[in-house]
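Examining the three-dimensional arrangement
Chain by chain, the residues run as shown.
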Amino acid sequence: MINPHYGNIPPSYLFSEVAARVSAYQDAHPDERVLRLGIGDVTRPLAPAVVDALHDAVAEQASGESFRGYGPEQGYAFLRDAIVAGEYAPIGTAIAADEIFVGDGSKTDTAGVQELFAADATIAVSDPVYPVYVDSNALAGRLGEFVDGRWEQLTYLECTAENGYVPALPEAPVDLVYLCSPNNPTGTSLSRADLERWVAWARENNAIILFDVAYRAFVTDPTVPRSIYEIEGADEVAIEFGSFSKTAGFTGLRCSWTVVPKALTRDGASLHAMWSRRHATKFNGTPYIVQRGAEAVYSEAGREQVQADIDYYLRNAGLIRDALRGAGIDTVGGVDSPYVWFRCPAGLDSWAFFDVLLNEAQVVGTPGVGFGPAGEDHFRLSAFGTYEDTLEAVARISSLVPTLHSTTLIRSES
Ligand SMILES: *Cc1c(COP(=O)(O)O)cnc(C)c1O
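In this text the structure is predicted, and so the values were computed from the model without any measurement.

1. Details of the packing of helix α3 (residues 48-61) against helix α10 (residues 288-296)
Closest axis-to-axis distance for the α3/α10 pair is 8 Å, and the angle between their directions is 150°. Classified by the angle their axes make, α3 and α10 are roughly antiparallel. Pair α3 / α10 crosses with right-handed handedness. Along the contact surface, α3 presents A49, V50, A53, L54, A57, V58, E60 and Q61, while α10 presents Y288, I289, V290, R292, G293 and A296.

2. Some points on the sheet that holds strand β6 (residues 154-158)
Overall, mixed pairing links the seven strands, which are arranged β2-β10-β9-β8-β7-β3-β6 in an open sheet. The outermost strands of the open sheet, each flanked by one partner alone, are β2 (100-103) and β6. Put simply, the sheet's adjacent strands are angled 20° from each other on average, direction ignored. Of the strand pairs in this sheet, strand β3 (residues 123-127) and β6 are connected by five bridges, and their pairing is parallel. Residue pairing in the sheet places I123 in a bridge with L154 of β6. Lying on the sheet, helix α9 (residues 271-282) is in contact with β2, β8 (208-212) and β10 (256-259); it crosses β2 at an angle near 25°.

3. Regarding the environment of D109
Following the sequence through the fold, D109 ends up in helix α5 (residues 106-112). Taking the C-alpha atoms as reference points, D109 and A138, separated by 29 residues in sequence, lie 16 Å from one another. In contact with D109, other than residues within four places in its own chain, are G103, F241, S256, W257, T258 and W275.

4. Here's the deal with the pairing of β2
On β2, burial covers both faces: I100 and V102 on one face and F101 and G103 on the other are all buried. Here four bridges tie β2 to β10, and the two strands are oriented antiparallel to one another. Counterpart to G103 in the pairing with β10 is S256.

5. Notes on the site of the ligand
Taken together, 14 residues surround the ligand, and among them Y215, S243, S245, K246 and R254 come closest. At 2.8 Å from an oxygen atom of the ligand is found a side-chain nitrogen or oxygen belonging to N184. Contact between the ligand and R254: an oxygen atom at 2.7 Å from a side-chain N or O atom of the residue. When residues of the shell around the ligand are traced back to their parent elements, those giving at least two are α5 and α8 (245-248). Here the residues of the shell around the ligand sort into five nonpolar, five polar and four charged.

The rules behind these values
- Residues numbered from 1 in each chain as written.
- Predicted model: local features only at pLDDT ≥ 70, side-chain atom pairs only at ≥ 80, totals over all residues.
- Heavy atoms only, no water.
- Axes fitted to C-alpha atoms, helices over the stretch in contact; angles between N-to-C directions.
- Helix = DSSP H or I, 4+ residues; strand = E, 2+ residues; numbered from the N terminus.
- Parallel < 35°, antiparallel > 145°, perpendicular 65-115°, else oblique.
- Left-handed = near helix turned anticlockwise from the far one by under 90°.
- Contact = heavy atoms within 4.5 Å.
- Pairing = 2+ DSSP bridges.
- Buried < 20%, exposed > 50% of the residue type's maximum accessible area, 1.4 Å probe, protein only.
- Near = heavy atom within 4 Å.
- Polar contact = N/O pair within 3.5 Å; in protein donor to acceptor, adjacent residues only side chain to side chain.
- Nonpolar A, V, L, I, M, F, W, Y, C, P; charged D, E, K, R; others polar.

Structure representation (C-alpha coordinates):
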(Lines give C-alpha, C1' and ligand atoms only; values in the text may rest on other atoms or scores of the structure.)
Protein backbone atom coordinates (compact mmCIF):
# COMPACT_ATOMS: atom_id res chain seq x y z
CA MET A 1 0.00 0.00 0.00
CA ILE A 2 2.80 2.46 0.77
CA ASN A 3 5.62 3.56 -1.55
CA PRO A 4 8.34 0.96 -0.86
CA HIS A 5 11.11 3.28 -2.05
CA TYR A 6 10.91 5.34 1.15
CA GLY A 7 12.27 2.23 2.86
CA ASN A 8 15.33 2.14 0.59
CA ILE A 9 16.50 5.67 1.14
CA PRO A 10 19.09 6.23 3.88
CA PRO A 11 18.23 8.84 6.52
CA SER A 12 19.62 12.26 5.58
CA TYR A 13 22.26 12.23 8.22
CA LEU A 14 24.78 14.89 7.19
CA PHE A 15 23.44 18.11 8.67
CA SER A 16 21.88 16.49 11.74
CA GLU A 17 25.18 14.77 12.54
CA VAL A 18 27.07 18.05 12.05
CA ALA A 19 24.62 19.81 14.39
CA ALA A 20 24.90 17.02 16.99
CA ARG A 21 28.71 17.12 17.04
CA VAL A 22 28.79 20.92 17.24
CA SER A 23 26.31 21.05 20.08
CA ALA A 24 28.15 18.30 22.01
CA TYR A 25 31.39 20.27 21.62
CA GLN A 26 29.76 23.55 22.62
CA ASP A 27 28.18 21.95 25.71
CA ALA A 28 31.56 20.64 26.82
CA HIS A 29 33.32 23.96 26.04
CA PRO A 30 30.80 26.72 26.72
CA ASP A 31 33.45 29.48 26.59
CA GLU A 32 34.83 28.62 23.15
CA ARG A 33 33.54 30.62 20.21
CA VAL A 34 32.65 28.19 17.42
CA LEU A 35 32.81 29.67 13.91
CA ARG A 36 30.52 28.22 11.27
CA LEU A 37 31.87 27.79 7.77
CA GLY A 38 29.54 24.88 7.12
CA ILE A 39 26.47 26.85 6.22
CA GLY A 40 24.74 26.45 2.87
CA ASP A 41 22.47 29.38 3.65
CA VAL A 42 22.91 33.11 3.12
CA THR A 43 23.35 35.44 6.09
CA ARG A 44 23.18 38.94 4.57
CA PRO A 45 19.75 40.60 5.00
CA LEU A 46 17.51 41.29 2.00
CA ALA A 47 18.44 44.20 -0.25
CA PRO A 48 16.59 47.44 0.66
CA ALA A 49 15.07 47.61 -2.86
CA VAL A 50 13.55 44.17 -2.29
CA VAL A 51 12.24 45.10 1.14
CA ASP A 52 10.61 48.27 -0.28
CA ALA A 53 8.91 46.24 -3.01
CA LEU A 54 7.66 43.75 -0.42
CA HIS A 55 6.18 46.57 1.67
CA ASP A 56 4.46 48.07 -1.36
CA ALA A 57 3.01 44.70 -2.32
CA VAL A 58 1.72 44.14 1.21
CA ALA A 59 -0.01 47.52 1.08
CA GLU A 60 -1.64 46.55 -2.23
CA GLN A 61 -3.07 43.46 -0.60
CA ALA A 62 -4.75 45.67 2.01
CA SER A 63 -7.00 47.46 -0.45
CA GLY A 64 -9.99 46.11 -2.37
CA GLU A 65 -8.87 47.68 -5.65
CA SER A 66 -5.36 46.26 -5.67
CA PHE A 67 -5.89 42.98 -3.80
CA ARG A 68 -4.68 39.88 -5.66
CA GLY A 69 -5.80 36.34 -5.04
CA TYR A 70 -4.70 33.37 -7.14
CA GLY A 71 -2.20 34.49 -9.75
CA PRO A 72 -1.22 32.90 -13.04
CA GLU A 73 0.28 29.47 -12.32
CA GLN A 74 3.29 30.13 -14.53
CA GLY A 75 4.05 33.32 -12.60
CA TYR A 76 3.14 36.95 -13.15
CA ALA A 77 4.18 38.41 -16.52
CA PHE A 78 6.02 41.26 -14.77
CA LEU A 79 8.43 38.77 -13.18
CA ARG A 80 8.80 36.48 -16.20
CA ASP A 81 9.61 39.51 -18.34
CA ALA A 82 12.07 40.78 -15.72
CA ILE A 83 13.83 37.38 -15.63
CA VAL A 84 14.19 37.35 -19.41
CA ALA A 85 15.43 40.95 -19.47
CA GLY A 86 17.72 40.50 -16.47
CA GLU A 87 19.09 36.99 -17.00
CA TYR A 88 18.64 35.78 -20.57
CA ALA A 89 18.60 38.74 -22.96
CA PRO A 90 21.95 40.19 -21.73
CA ILE A 91 23.80 36.94 -22.50
CA GLY A 92 22.36 36.73 -25.99
CA THR A 93 19.98 33.82 -25.50
CA ALA A 94 16.57 33.75 -27.15
CA ILE A 95 14.63 32.43 -24.15
CA ALA A 96 11.11 33.92 -24.18
CA ALA A 97 8.98 34.88 -21.18
CA ASP A 98 6.49 32.08 -21.86
CA GLU A 99 9.30 29.55 -21.52
CA ILE A 100 9.84 30.65 -17.89
CA PHE A 101 7.90 29.07 -15.02
CA VAL A 102 8.11 30.88 -11.68
CA GLY A 103 8.37 28.54 -8.70
CA ASP A 104 8.89 28.62 -4.95
CA GLY A 105 12.44 27.27 -4.95
CA SER A 106 14.83 25.24 -7.04
CA LYS A 107 14.67 22.45 -4.52
CA THR A 108 10.99 22.02 -5.37
CA ASP A 109 11.66 22.40 -9.10
CA THR A 110 14.68 20.09 -9.37
CA ALA A 111 12.95 17.49 -7.19
CA GLY A 112 9.78 17.67 -9.29
CA VAL A 113 11.18 17.59 -12.81
CA GLN A 114 11.72 13.81 -12.74
CA GLU A 115 7.92 13.40 -12.88
CA LEU A 116 8.07 14.19 -16.60
CA PHE A 117 10.08 11.05 -17.28
CA ALA A 118 9.36 7.36 -17.48
CA ALA A 119 9.72 5.12 -14.45
CA ASP A 120 12.61 3.33 -16.16
CA ALA A 121 14.45 6.47 -17.33
CA THR A 122 18.17 6.19 -16.54
CA ILE A 123 19.95 8.89 -14.56
CA ALA A 124 23.48 10.25 -14.16
CA VAL A 125 24.70 12.77 -11.59
CA SER A 126 28.06 14.21 -10.79
CA ASP A 127 29.60 12.83 -7.62
CA PRO A 128 29.75 14.65 -5.19
CA VAL A 129 26.30 16.12 -5.77
CA TYR A 130 23.43 18.22 -4.36
CA PRO A 131 21.41 15.39 -2.76
CA VAL A 132 17.98 16.53 -4.03
CA TYR A 133 18.54 15.21 -7.57
CA VAL A 134 19.39 11.75 -6.28
CA ASP A 135 16.81 11.45 -3.52
CA SER A 136 13.89 12.59 -5.69
CA ASN A 137 14.69 9.86 -8.21
CA ALA A 138 15.28 7.29 -5.47
CA LEU A 139 11.80 7.95 -4.08
CA ALA A 140 10.36 7.57 -7.56
CA GLY A 141 11.96 4.11 -7.71
CA ARG A 142 14.45 4.77 -10.51
CA LEU A 143 17.66 3.99 -8.62
CA GLY A 144 17.17 0.45 -7.29
CA GLU A 145 18.68 -0.42 -3.91
CA PHE A 146 21.18 1.58 -1.85
CA VAL A 147 24.07 -0.81 -1.22
CA ASP A 148 27.38 0.13 0.46
CA GLY A 149 26.78 3.83 0.01
CA ARG A 150 25.80 3.64 -3.66
CA TRP A 151 22.56 3.39 -5.63
CA GLU A 152 22.62 0.33 -7.86
CA GLN A 153 20.97 1.97 -10.87
CA LEU A 154 22.54 5.43 -10.74
CA THR A 155 25.46 6.49 -12.92
CA TYR A 156 27.98 8.38 -10.79
CA LEU A 157 30.20 10.82 -12.70
CA GLU A 158 33.11 11.09 -10.32
CA CYS A 159 34.69 14.48 -9.82
CA THR A 160 38.19 14.04 -8.45
CA ALA A 161 41.49 15.88 -8.34
CA GLU A 162 42.51 13.84 -11.41
CA ASN A 163 39.80 15.34 -13.62
CA GLY A 164 39.89 18.76 -12.02
CA TYR A 165 36.54 18.00 -10.32
CA VAL A 166 34.74 18.31 -13.65
CA PRO A 167 32.39 15.43 -14.54
CA ALA A 168 33.28 13.36 -17.62
CA LEU A 169 30.63 12.30 -20.15
CA PRO A 170 28.90 9.02 -19.19
CA GLU A 171 30.51 5.93 -20.71
CA ALA A 172 27.16 4.24 -21.36
CA PRO A 173 24.04 6.07 -22.56
CA VAL A 174 21.71 7.59 -19.97
CA ASP A 175 18.42 9.45 -20.47
CA LEU A 176 18.90 12.27 -17.97
CA VAL A 177 21.90 13.99 -16.47
CA TYR A 178 21.83 16.57 -13.70
CA LEU A 179 24.56 19.20 -13.87
CA CYS A 180 25.10 22.18 -11.60
CA SER A 181 27.42 25.07 -12.51
CA PRO A 182 28.91 26.70 -10.53
CA ASN A 183 28.61 23.51 -8.56
CA ASN A 184 27.59 22.75 -5.01
CA PRO A 185 29.63 21.35 -3.23
CA THR A 186 32.83 21.60 -5.30
CA GLY A 187 32.54 25.25 -6.33
CA THR A 188 33.81 24.38 -9.82
CA SER A 189 32.12 25.63 -12.96
CA LEU A 190 31.77 24.18 -16.42
CA SER A 191 33.60 26.03 -19.18
CA ARG A 192 32.09 26.81 -22.55
CA ALA A 193 34.05 23.90 -24.04
CA ASP A 194 32.73 21.56 -21.32
CA LEU A 195 29.15 22.63 -21.99
CA GLU A 196 29.56 22.31 -25.73
CA ARG A 197 30.70 18.74 -25.17
CA TRP A 198 27.67 18.06 -22.97
CA VAL A 199 25.18 19.57 -25.40
CA ALA A 200 26.69 17.64 -28.34
CA TRP A 201 26.58 14.44 -26.27
CA ALA A 202 22.91 15.01 -25.33
CA ARG A 203 21.97 15.68 -28.95
CA GLU A 204 23.71 12.51 -30.13
CA ASN A 205 22.23 10.36 -27.39
CA ASN A 206 18.73 11.81 -27.25
CA ALA A 207 19.42 12.65 -23.60
CA ILE A 208 18.16 15.60 -21.56
CA ILE A 209 20.36 17.80 -19.38
CA LEU A 210 18.83 19.19 -16.20
CA PHE A 211 20.96 22.24 -15.54
CA ASP A 212 21.03 23.98 -12.16
CA VAL A 213 22.29 27.58 -12.14
CA ALA A 214 21.49 28.44 -8.50
CA TYR A 215 24.97 30.00 -8.17
CA ARG A 216 25.14 31.80 -11.52
CA ALA A 217 25.31 35.23 -9.88
CA PHE A 218 28.69 34.25 -8.40
CA VAL A 219 30.32 33.84 -11.82
CA THR A 220 32.96 36.52 -12.31
CA ASP A 221 34.97 34.89 -15.11
CA PRO A 222 33.53 36.35 -18.34
CA THR A 223 34.32 33.14 -20.23
CA VAL A 224 32.18 30.93 -17.94
CA PRO A 225 28.63 30.48 -19.29
CA ARG A 226 25.84 31.68 -16.99
CA SER A 227 23.24 29.60 -18.76
CA ILE A 228 23.30 26.40 -20.79
CA TYR A 229 21.34 28.25 -23.47
CA GLU A 230 24.51 30.17 -24.32
CA ILE A 231 25.40 26.96 -26.18
CA GLU A 232 23.87 26.57 -29.62
CA GLY A 233 21.27 23.81 -29.75
CA ALA A 234 20.86 23.54 -25.97
CA ASP A 235 17.21 24.58 -26.22
CA GLU A 236 16.47 21.17 -27.76
CA VAL A 237 18.16 19.20 -24.98
CA ALA A 238 18.09 21.13 -21.70
CA ILE A 239 15.86 22.36 -18.89
CA GLU A 240 17.40 25.03 -16.66
CA PHE A 241 16.72 25.89 -13.00
CA GLY A 242 17.41 29.32 -11.52
CA SER A 243 16.83 30.56 -7.98
CA PHE A 244 16.76 33.84 -6.10
CA SER A 245 17.95 32.02 -2.96
CA LYS A 246 21.71 32.42 -3.17
CA THR A 247 21.65 35.32 -5.65
CA ALA A 248 19.44 37.65 -3.65
CA GLY A 249 19.04 36.13 -0.20
CA PHE A 250 15.63 34.56 -0.87
CA THR A 251 16.29 31.33 1.03
CA GLY A 252 13.53 32.31 3.45
CA LEU A 253 11.25 34.20 1.03
CA ARG A 254 11.30 31.43 -1.66
CA CYS A 255 11.31 32.21 -5.37
CA SER A 256 12.81 30.39 -8.36
CA TRP A 257 12.30 29.82 -12.06
CA THR A 258 12.47 26.90 -14.46
CA VAL A 259 13.13 27.32 -18.17
CA VAL A 260 11.49 24.70 -20.39
CA PRO A 261 12.13 25.72 -24.01
CA LYS A 262 9.36 25.14 -26.52
CA ALA A 263 11.91 23.48 -28.79
CA LEU A 264 12.39 20.65 -26.28
CA THR A 265 10.36 17.65 -27.43
CA ARG A 266 10.70 13.89 -27.03
CA ASP A 267 8.67 11.08 -28.59
CA GLY A 268 6.44 13.70 -30.21
CA ALA A 269 5.59 15.31 -26.85
CA SER A 270 6.38 18.89 -25.84
CA LEU A 271 8.17 19.00 -22.51
CA HIS A 272 6.98 22.60 -22.21
CA ALA A 273 3.36 21.50 -22.47
CA MET A 274 3.98 18.69 -19.98
CA TRP A 275 5.66 20.94 -17.41
CA SER A 276 2.93 23.51 -17.93
CA ARG A 277 0.30 20.89 -17.16
CA ARG A 278 2.25 19.53 -14.21
CA HIS A 279 2.78 23.03 -12.77
CA ALA A 280 -0.90 23.95 -13.17
CA THR A 281 -1.99 20.70 -11.56
CA LYS A 282 0.32 20.77 -8.55
CA PHE A 283 1.19 24.41 -7.91
CA ASN A 284 -0.91 27.49 -7.29
CA GLY A 285 1.82 30.03 -7.67
CA THR A 286 4.57 31.81 -5.74
CA PRO A 287 3.01 34.53 -3.53
CA TYR A 288 2.33 37.81 -5.33
CA ILE A 289 4.26 39.69 -2.65
CA VAL A 290 7.32 37.51 -3.14
CA GLN A 291 7.18 37.86 -6.93
CA ARG A 292 7.18 41.66 -6.50
CA GLY A 293 10.22 41.30 -4.25
CA ALA A 294 11.96 39.18 -6.91
CA GLU A 295 11.12 41.71 -9.62
CA ALA A 296 12.89 44.39 -7.56
CA VAL A 297 16.14 42.38 -7.75
CA TYR A 298 16.32 43.62 -11.36
CA SER A 299 15.71 47.30 -10.57
CA GLU A 300 18.76 49.52 -10.80
CA ALA A 301 19.08 49.82 -7.03
CA GLY A 302 18.29 46.13 -6.58
CA ARG A 303 21.04 45.02 -8.93
CA GLU A 304 23.64 47.16 -7.19
CA GLN A 305 22.63 46.06 -3.70
CA VAL A 306 22.47 42.39 -4.60
CA GLN A 307 25.84 42.59 -6.35
CA ALA A 308 27.36 44.13 -3.21
CA ASP A 309 26.23 41.08 -1.21
CA ILE A 310 27.63 38.67 -3.80
CA ASP A 311 30.92 40.59 -3.68
CA TYR A 312 30.88 40.35 0.11
CA TYR A 313 30.58 36.55 -0.04
CA LEU A 314 33.16 36.28 -2.80
CA ARG A 315 35.62 38.26 -0.66
CA ASN A 316 35.09 35.67 2.10
CA ALA A 317 35.59 32.89 -0.44
CA GLY A 318 38.90 34.46 -1.48
CA LEU A 319 40.06 34.56 2.16
CA ILE A 320 39.27 30.88 2.64
CA ARG A 321 40.91 29.86 -0.60
CA ASP A 322 44.06 31.90 0.05
CA ALA A 323 44.41 30.61 3.61
CA LEU A 324 44.12 26.97 2.54
CA ARG A 325 46.52 27.42 -0.34
CA GLY A 326 48.90 29.28 1.95
CA ALA A 327 48.82 26.21 4.21
CA GLY A 328 49.76 24.00 1.26
CA ILE A 329 46.30 22.61 0.49
CA ASP A 330 45.12 22.43 -3.13
CA THR A 331 41.64 23.86 -3.51
CA VAL A 332 38.98 24.27 -6.16
CA GLY A 333 36.05 26.68 -6.09
CA GLY A 334 35.89 29.94 -4.21
CA VAL A 335 36.36 32.03 -7.37
CA ASP A 336 33.01 31.84 -9.16
CA SER A 337 31.36 30.24 -6.17
CA PRO A 338 30.75 30.68 -2.44
CA TYR A 339 32.18 27.19 -1.76
CA VAL A 340 35.77 26.01 -1.47
CA TRP A 341 36.45 22.28 -1.86
CA PHE A 342 39.62 20.38 -1.01
CA ARG A 343 41.08 17.05 -0.04
CA CYS A 344 41.46 16.81 3.75
CA PRO A 345 45.05 17.32 4.90
CA ALA A 346 47.24 14.71 6.63
CA GLY A 347 45.33 11.80 5.08
CA LEU A 348 42.30 12.38 7.30
CA ASP A 349 38.87 11.25 6.15
CA SER A 350 36.03 13.78 6.03
CA TRP A 351 34.61 13.14 9.49
CA ALA A 352 38.03 12.87 11.13
CA PHE A 353 39.00 16.24 9.66
CA PHE A 354 35.63 17.65 10.74
CA ASP A 355 36.42 16.61 14.34
CA VAL A 356 39.98 17.97 14.26
CA LEU A 357 38.80 21.29 12.86
CA LEU A 358 36.05 21.55 15.46
CA ASN A 359 38.16 20.44 18.43
CA GLU A 360 41.43 22.17 17.61
CA ALA A 361 40.24 25.31 15.80
CA GLN A 362 36.57 25.60 16.77
CA VAL A 363 35.65 25.87 13.09
CA VAL A 364 32.73 23.98 11.55
CA GLY A 365 32.78 22.80 7.94
CA THR A 366 30.93 20.17 5.92
CA PRO A 367 32.32 16.63 5.44
CA GLY A 368 32.50 15.85 1.73
CA VAL A 369 31.25 12.30 2.10
CA GLY A 370 27.79 13.71 2.80
CA PHE A 371 27.56 14.67 -0.88
CA GLY A 372 28.37 11.27 -2.35
CA PRO A 373 30.99 8.52 -2.34
CA ALA A 374 33.59 10.61 -4.25
CA GLY A 375 33.32 13.25 -1.51
CA GLU A 376 35.07 10.92 0.97
CA ASP A 377 38.34 12.48 2.20
CA HIS A 378 37.11 15.88 1.01
CA PHE A 379 35.69 18.93 2.72
CA ARG A 380 33.56 21.97 1.91
CA LEU A 381 33.99 25.38 3.47
CA SER A 382 31.38 28.03 2.81
CA ALA A 383 31.76 31.79 2.34
CA PHE A 384 28.26 32.59 3.61
CA GLY A 385 29.45 33.67 7.09
CA THR A 386 30.33 37.19 8.13
CA TYR A 387 33.60 38.76 7.03
CA GLU A 388 34.80 39.01 10.65
CA ASP A 389 34.08 35.37 11.43
CA THR A 390 35.66 34.26 8.17
CA LEU A 391 38.83 36.25 8.93
CA GLU A 392 39.07 34.70 12.37
CA ALA A 393 38.32 31.21 11.05
CA VAL A 394 41.00 31.36 8.37
CA ALA A 395 43.55 32.58 10.93
CA ARG A 396 42.74 29.55 13.07
CA ILE A 397 42.90 27.19 10.08
CA SER A 398 46.24 28.65 9.00
CA SER A 399 47.78 27.92 12.38
CA LEU A 400 46.15 24.50 12.71
CA VAL A 401 47.03 22.92 9.36
CA PRO A 402 50.86 22.93 9.71
CA THR A 403 50.52 21.05 13.02
CA LEU A 404 48.24 18.39 11.61
CA HIS A 405 50.67 15.93 10.19
CA SER A 406 52.53 15.56 13.47
CA THR A 407 49.36 15.56 15.59
CA THR A 408 47.91 12.71 13.57
CA LEU A 409 51.14 10.74 13.91
CA ILE A 410 51.25 11.23 17.65
CA ARG A 411 47.61 10.15 17.94
CA SER A 412 48.05 6.99 15.95
CA GLU A 413 51.08 6.05 18.06
CA SER A 414 49.32 6.54 21.38
C1 LIG B 1 20.81 26.26 -2.55
C2 LIG B 1 20.68 25.48 -3.81
C3 LIG B 1 19.54 25.58 -4.61
C4 LIG B 1 18.45 26.57 -4.28
O5 LIG B 1 17.39 25.96 -3.66
P6 LIG B 1 16.10 26.80 -3.33
O7 LIG B 1 15.05 25.77 -3.13
O8 LIG B 1 15.82 27.68 -4.52
O9 LIG B 1 16.38 27.61 -2.09
C10 LIG B 1 19.46 24.85 -5.78
N11 LIG B 1 20.46 24.04 -6.16
C12 LIG B 1 21.57 23.91 -5.41
C13 LIG B 1 22.66 23.04 -5.90
C14 LIG B 1 21.71 24.61 -4.21
O15 LIG B 1 22.81 24.47 -3.49
